[in-house]
Amino acid sequence: AAAAGATGVMMDPAIVSISNSVPVPVPVPVPVPMASMPFPARPMLRERLDVDSADVSNILGVHGSNISTIAQISGCQVSMLEADPETKTNSIEIMGPHEANLHAARQLVEAFANGQTPSVVQPPWPPQHMYPA
């Protein structure tokens, strides 16, 4: 049972022998920084796209602005690979953590290749509503 302290307040039996004037240190777990915790790396999905060599300048943009935009919006790494002079195509490699990221990158590459400035990337699935009607 718990014992009453000098003030008449019930005290925890584990600290009955400690006077009210002595602070009791409470053990606190030491936080571990997130960066030091080992998380399994998610495998990156990789896809290679072939585009016409004539469209490469549209995809790259001025000083690489379009290809940077593709990477920022889609969350993918986007790399321009070698050109094939026989087929007059260039290869673009996109790498991302999820199929939705690759889909967004594909749509953006196609839009820039066609000379468009994309404003919205359409998801490959119907919109999900939090509270269905």
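Please refer to the structure placed before this passage.
Residue positions are counted from 1 within each chain, in the order its sequence is given. At least 70 in pLDDT is required for a residue's local features to be given in this predicted model, at least 80 for side-chain atom pairs to be given and counted, and no such filter applies to totals for whole chains, interfaces and linings, which use all residues. Processing note: side-chain calculations cover all non-hydrogen atoms of the structure and skip hydrogens and water entirely.

1. So, unusual backbone geometry
- Despite not being glycine, His63 shows a phi value in the positive range, around 55 degrees.
- Looking at the element boundaries, His63 is found in the loop between helix H1 (56-60) and helix H2 (65-74).
- One non-glycine residue, Lys88, lies in positive phi territory at about 55 degrees.
- Secondary structure follows DSSP: runs of H or I at least 4 residues long count as helices, runs of E at least 2 residues long count as strands, and numbering of each begins at the N terminus. With respect to the secondary-structure elements, Lys88 resides in the loop between strand S2 (77-84) and strand S3 (89-96).
- Summary of the burial criterion: residues with accessible area below 20% of their type's maximum are buried, those above 50% are exposed, and those between are partly exposed, where the area comes from a 1.4 Å probe applied to protein chains only. Looking at Lys88, the relative accessible area reads 60%, which means it is exposed.

2. So, the nonpolar core
- We call a set of buried Ala, Val, Leu, Ile, Met, Phe, Trp, Tyr and Cys residues a nonpolar core when their side-chain atoms join them within 4.5 Å. In terms of nonpolar packing, the biggest core is built from 16 residues, with Val51, Ile59, Ile70, Val78, Ile92, Ile94 and Val109 touching the most fellow members.
- Those elements that place two or more of their residues in this core are strand S1 (45-52), H1, H2, S3 and helix H3 (99-113).
- When residues in this core are grouped by element, the largest group, 6 residues, is from H3.
- The residues touching Val109, leaving out its near neighbours within four places in the chain, are Leu49, Val51, Ile59, Ile70 and Ile92. Whether two residues are in contact is decided by their heavy atoms: any pair within 4.5 Å suffices.

3. Some thoughts on the side chain of Asn90
- With respect to the secondary-structure elements, Asn90 resides in strand S3.
- Its relative accessible area of 10% is what places Asn90 among the buried residues.
- Within polar-contact distance, the side chain of Asn90 engages the side chain of Ser53 at 2.9 Å.
- Every residue in contact with Asn90, bar those within four places of it in the chain, is listed here: Leu49, Asp50, Val51, Ser53, Val56, Met80, Leu81, Glu82 and Ala83. Contacts described as polar in this section are N or O atom pairs within 3.5 Å, which, within protein, must combine one atom able to donate a hydrogen with one able to accept it, while residues neighboring in sequence count only if both atoms come from side chains.

4. Section: the pairing of S2
- Pairing of S2 with S3 involves 6 bridges; the strand directions are antiparallel. Counterpart to Met80 in the pairing with S3 is Ile92.
- When DSSP locates at least two bridges between a pair of strands, those strands are taken to pair. Counted between consecutive antiparallel strands, the loop separating S2 from S3 contains 4 residues, among which Lys88 sits at a positive phi close to 55 degrees.

5. Focus: the sheet that holds S2
- The strand order S1-S3-S2 describes an open sheet built from 3 strands, whose pairing is antiparallel. In this open sheet, the two strands that pair with only one neighbour each are S1 and S2. Here the strands of the sheet are splayed against their neighbours by 25 degrees on average, with no regard to which way each runs.
- To obtain an axis, a line is fitted to C-alpha atoms, over the contacting stretch when the element is a helix, and the angle between two such axes runs from 0 to 180 degrees between their N-to-C directions. Contacting S1 and S3, H3 runs over the sheet at an angle of about 10 degrees to S1.

6. Let's talk about H3
- Helix length check: H3, at 15 residues, gives a terminal C-alpha distance of 21 Å against a target of 21 Å (1.5 Å per residue), a fit within 8%.
- Most of H3 sits out of view: 12 of its 15 residues are buried.
- Burial in H3 covers these residues: Ala100, Asn101, Leu102, His103, Ala104, Ala105, Arg106, Leu108, Val109, Ala111, Phe112 and Ala113.
- In the core, the buried residues of H3 are packed alongside S1, H1, H2 and S3.
- Just downstream of H3 lies Gly115, where phi reads positive at about 80 degrees. Expected span of a helix: the number of residues minus one, times 1.5 Å.

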